[in-house]
Amino acid sequence: MIKNEFLCQRDELGLYKPSKASHISVSNQEKVLPPPPPPPPPLPGSGSSFQMARNEWINGYLEAILDVGANIKSPEGVDTRLKLEKLQDNVKRDKHFSPTNYFVEEVVNSVDESDLHRTWIKVIATRNTLERSNRLENMCWRIWHLTRKKKQIAVEDAQRLANRRIEREKSRHDAAEDLSELSEGEKEREESQPIKKISRINSEMLMWSDESKFRQLYIVLVSIHGLVRGENMELGRDSDTGGQVKYVVELAKALADMEGVIRVDLLTRQIACADVDYGYGEPIEMLSSPPEGSGNCGAYIVRIPCGPRDKYVFKESLWPYIPEFVDGALSHIVNMARALGEQFDGGKPMWPYVIHGHYADAGEVAARLSGSLNVPMVLTGHSLGRNKFEQLLKQGRLSKEDINSTYKIMRRIEGEELALDAAEMVVTSTRQEIDEQWGLYDGFDVKLERKLRVRRRRGVSCLGRYMPRMVVIPPGMDFSYVKTEDSTLGDGDLQSIIGRDKALNKKAVPPIWTEIMRFFTNPHKPMILALSRPDPKKNVTTLLKAFGECQPLRKLANLTLILGNRDDIEDMSSSSSVVLTTVLKLIDRYDLYGQVAFPKHHKQIEVPDIYRLAAKTKGVFINPALVEPFGLTIIEASAYGLPVVATKNGGPVDILKALNNGLLVDPHDQKAIEDALLKLVADKNLWVECRKHGLKNIHRFSWPEHCRNYLAHLEHCRNRHPTTLHKIIPTNEEPMSESLRDVEDLSLRFSIDGDFKANGDVDPATRQKELIETFTKMSTTNRKPNISYSPGRRQTLYILAVDSYDTNGDPSETLPIVITNVMKTAATNPGVIGLILLTGLSLQEIKEVLKKCQVDLDKFDALVCSSGSELYYPWRDLTVDEDYENHTEYRWPQENVRSTIMRIARLENEDDDNAVEETKTYNSHCYTYIIKPGAKARRVDDLRQMLRMRSFRCNTVFTQAANKLNVIPLFASRAQALRYLSITWAMDLSKMFVFVGEKGDTDYEDLLVGLHKTVILKDSVEYGSEKLLRSEESFKKDDMVPTENSNVVISEGYEVHDITAALKTLGIN
């Protein structure tokens, strides 16, 4: 066991040396290794002789290590003496062979640390003092350390996977018991019970069919990260701007061309900084214009501001700004729904038919929007965090902490889990993606999903359990760039640039052809083409090694690497620069000048010409990625008649099964890559056969085919989802009631935004009248028709969300003071500023608190209780908002989750329950559990994980200083309640001011982010519930809340003058 980590420094040759003695126990004996002697003086002689001497020492040291295990077999059954012979052969055969690289790759993976120790002793005892080298001892220590560390990581990973497997089996067993087949009597009784109609359904469900031309579908796509534009996409510029960008742009265009789709919006982040083109700062970009006279609107890129305005933010750093994007997107969708309703539906808002999130970040955005608008949500993962996490752990180079800090992987996984919670449908490109990648997630289980689907088809209750439907829809491609001549053989164009009489040939050829051909000594040879961004996952270096070490392949073909665009490698991201630098070194190592093309620049519109050039030379396209989720480049290459060699991991498996035009390889097997390329290049009959098959079957991957499948699946899934009934402007003219006829003369006035756009909005005077009529209509349906007070549309809303409790969970003495002081601040503008109370307390508990501080309930426009599960209007006789209840009820398991909570809340090895259900304040949309004094409770992330494994979709919130646990619906939360009110009351979120303490309930972080303003009242909260939020291994607060946020201020206290000063900082005088 290592007791002290090595403190290592690099010497001038890049090797590590320990800076202090380390105590290492080997073979149950603790040995104290002395500090290394001072570095030896330089060896005499030339630099080359010194290099040879150093290599001889490395070879000798390696031989000693291999000799230790010479008479034993490795776990794989490989004799270590064969490795030594292979090493000697490599040294003789390849002058570029690096013993150091061989040492690191082979020894770390196959030599036991006890053998390393014995070898170290042997080296020390037998070395020649004239040639002594401290580097060898230091290398031994470092490799010893790395080997043990890698083994430790592997053991921890195996233990983690084992625990997870046990928990999943337990969850599946619990679900199987609950979902055991009902008896016939129970089934009949279940079917005879009337199904409650959700009142939020306000339109007839539209069934998709090719014959119908009267659909009016508004579709919203979301893809946040990267540089997104319609023309001349900068694919490969960085790791965020890859195939996903092209995919979502072309999907938006293709959907807009479908019959019955009136508008498609692709929402992405607005980027206005000097580092990128100014076009990425344009709020709206038209992707496709509708046909003349069709009445449709076409497809658009809509750019939503979020995060820092003056810099380009990579996806790993975007997480804290997700709520800000959600709020901006919500505002756009509400305005667009109103405008489309004015144009197509007689003034009734036309809400999205679906919101489709792409990747984890946009998946979380879509989930939040779906919860706010109550419309269906679809998810496409593109690449998945858990899969990447497992791959990185297997490599053993990074610990979990390092992976999390570098890639924000735990935050990404939580975003994907949340998207699974809310999604109706998950679009995948392959069956393998479902079984091997989505199967890693808490929120999805293949067997359980099938069981639930069968029960739904048979009309049997699923007992509150839900799983999203996984569908395989191959990615589409735009074939408009494929010309007729691309399907026929011929190299006339090629001869114009490589023929002997090229100077006499005036026929114009694409400039990119000339740019590529200038690299080749013999341009007549077939071209092996690889096209990707310079990312380690794309595995280009293995391809280059395969090509460089296979002499027959080098004689038969050239290699072209299109690796994005670059000006200076030093200015690129670290991962991209490492890949490109390695490529240049490998070209030099294998002396591939004249055989490999690696142009610095290419335009997106030139990519078809690159495929054509490869086809003209009778070449082959290769995608050697470690994992390829989609494989769009494979489809593109096949459309131009190129046979394909592709990775066997991911989408290419299904693509090549459909096209039958190439070979699959293990991306880690260099020899397999060599053989596959050589087979296709050398066998012309096979090449022609693959080409014919590809061109014959390529229609299966066209965008129209993709969209038809997409809409057909969506239609089926959407039938299980309620449609929103959000109303902004009433459509019927109704007389003003007596109780509100003089409301315009009161100080309670409605604010009107001054920056209306020409999108169907009305002028301020008319809008004020219509809003008054809205509440007139509401008052006529209320039990108390003589109401003379309603919130109308305030200019500003003050939201009290201070979670101030004592150690017992009772409201503290500070809470009434805070409420009173905020109300005094609002009273300076009576009628203009409205008040909302946002709390984890029940309605009865709120009444007691307000009674203690002598505040009338009627002073509040709304009370959001029980952590956002209930919404009451005091000005409507404290009636509950039934629309909000129906809005949040979706996927709420109700009674089915109550017993499960008691089971999973109990920690392991504990016999007694640590919580008891509270029945005094019973609420059908919130189950409250009192944590017993001194009892330990599971954290929120653990509870959420265990609920997801059992197919329950809920929110869990610890409140009242961690003394109570509220279990509420998935779409219920305090932050979501604010978004609901912003839509219902037509109130801009930026005009809401939320008052919180320095800590609070476990949903506290959600109140610090978004477009609303937040005032943190210093010293107003002494005890919070944050200790039960997340484990140490989870993501950090910085991944949820920006470190710098101009919408958040901290007051000096909670007195009136402190609050006033803080509001002044936020622009309120």
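The residue numbering used here restarts from 1 in each chain and proceeds along that chain's sequence as written. Per-residue local features are limited, in this predicted model, to residues with pLDDT of at least 70; the limit for side-chain atom pairs, both in listing and counting, is 80 or more; totals at the level of whole chains, interfaces and linings are taken over all residues. The side-chain quantities take in all heavy atoms of the structure and omit both hydrogens and water.

An unreviewed UniProt entry annotates the protein as Sucrose-phosphate synthase originating from Deinandra increscens subsp. villosa. UniProt positions are given in the numbering used here, feature names are shortened, and annotations may be inferred rather than shown by experiment. Its UniProt record, at the heading Catalytic activity (unreviewed entry), says of the protein: "beta-D-fructose 6-phosphate + UDP-alpha-D-glucose = sucrose 6(F)-phosphate + UDP + H(+)". Taken verbatim from the UniProt record of the protein, the Sequence similarities (unreviewed entry) comment is "Belongs to the glycosyltransferase 1 family."

A short note on the packing of aromatic side chains
Only centres within 6.5 Å qualify two rings of Phe, Tyr or Trp (six-membered ring in Trp) as a pair; their planes then separate them into stacked at under 30 degrees, edge-to-face at over 60, and tilted for everything else. Enumeration over the complete set of coordinates arrives at 14 aromatic pairs. Ring plane angle 75° and centroid distance 5.9 Å describe the contact between Tyr-798 and Phe-993, whose orientation is recorded as edge-to-face. Remark: Phe-993 occurs in strand β28 (residues 992-996) and Tyr-798 occurs in strand β19 (residues 796-800); sequence separation between them is 195 residues. Partly exposed describes any residue whose relative accessible area lies between the buried limit of under 20% and the exposed limit of over 50%, with all areas from a 1.4 Å probe on protein chains only and scaled to the type maximum. Assessed through its relative accessible area of 1%, Tyr-798 is described here as buried. Exposure remark for Phe-993: the relative accessible area of 4% places this residue in the buried category. Feature note: the residues Tyr-466, Tyr-890 and Phe-971 constitute an aromatic cluster, connected by ring pairs. Helix numbering and strand numbering both begin at the N terminus, where a helix is a DSSP run of H or I of at least 4 residues and a strand a DSSP run of E of at least 2.

Examining helix α25 (residues 703-718)
To estimate how far a helix should reach, multiply one less than its number of residues by 1.5 Å. Here α25 spans 21 Å end to end across 16 residues, near enough to the 22 Å set by a 1.5 Å rise per residue. Burial in α25 covers these residues: Trp-703, His-706, Cys-707, Tyr-710, Leu-711, Leu-714, Glu-715, Cys-717 and Arg-718. When α25 is viewed along its axis, its buried side chains cluster within an angular range of 165° and face the same direction. Here a residue-residue contact requires only that any non-hydrogen atoms of the pair lie within 4.5 Å. Buried positions along α25 lie against β5 (217-222), α7 (243-256), β9 (354-358), β10 (377-380), β11 (425-428) and β12 (469-472). What the arc describes is the spread of directions from the helix axis to the C-beta atoms.

A closer look at the pattern of salt bridges
Salt bridges are defined by distance alone: a side-chain nitrogen of Lys or Arg within 4 Å of a carboxyl oxygen of Asp or Glu. Tallied over the full model, the rule gives 39 salt bridges. Its salt-bridge partner being Glu-231, residue Lys-253 comes within 4.0 Å of it at the nearest N-O pair. Of this pair, Lys-253 sits in helix α7 while Glu-231 sits in the loop between β5 and α7, and the two are 22 residues apart along the sequence. A salt bridge links Asp-1001 to Arg-974; its shortest N-O distance comes to 3.9 Å. Taken together, the residues Asp-1001 in the loop between β28 and β29 (1013-1017) and Arg-974 in helix α32 (residues 974-984) connect sequence positions 27 residues apart.

Points about unusual backbone geometry
The backbone of Ser-951 shows a phi angle near 70°, a positive value even though the residue is not glycine. You can see Ser-951 is positioned in the loop between α31 (940-949) and β26 (954-959). Taking the relative accessible area as the measure of exposure, Ser-951 reaches 0% and is therefore buried. Although it is not a glycine, Ala-962 adopts a positive phi angle of roughly 65°. Considering the arrangement of structural elements, one finds Ala-962 in the loop between β26 and β27 (964-969).

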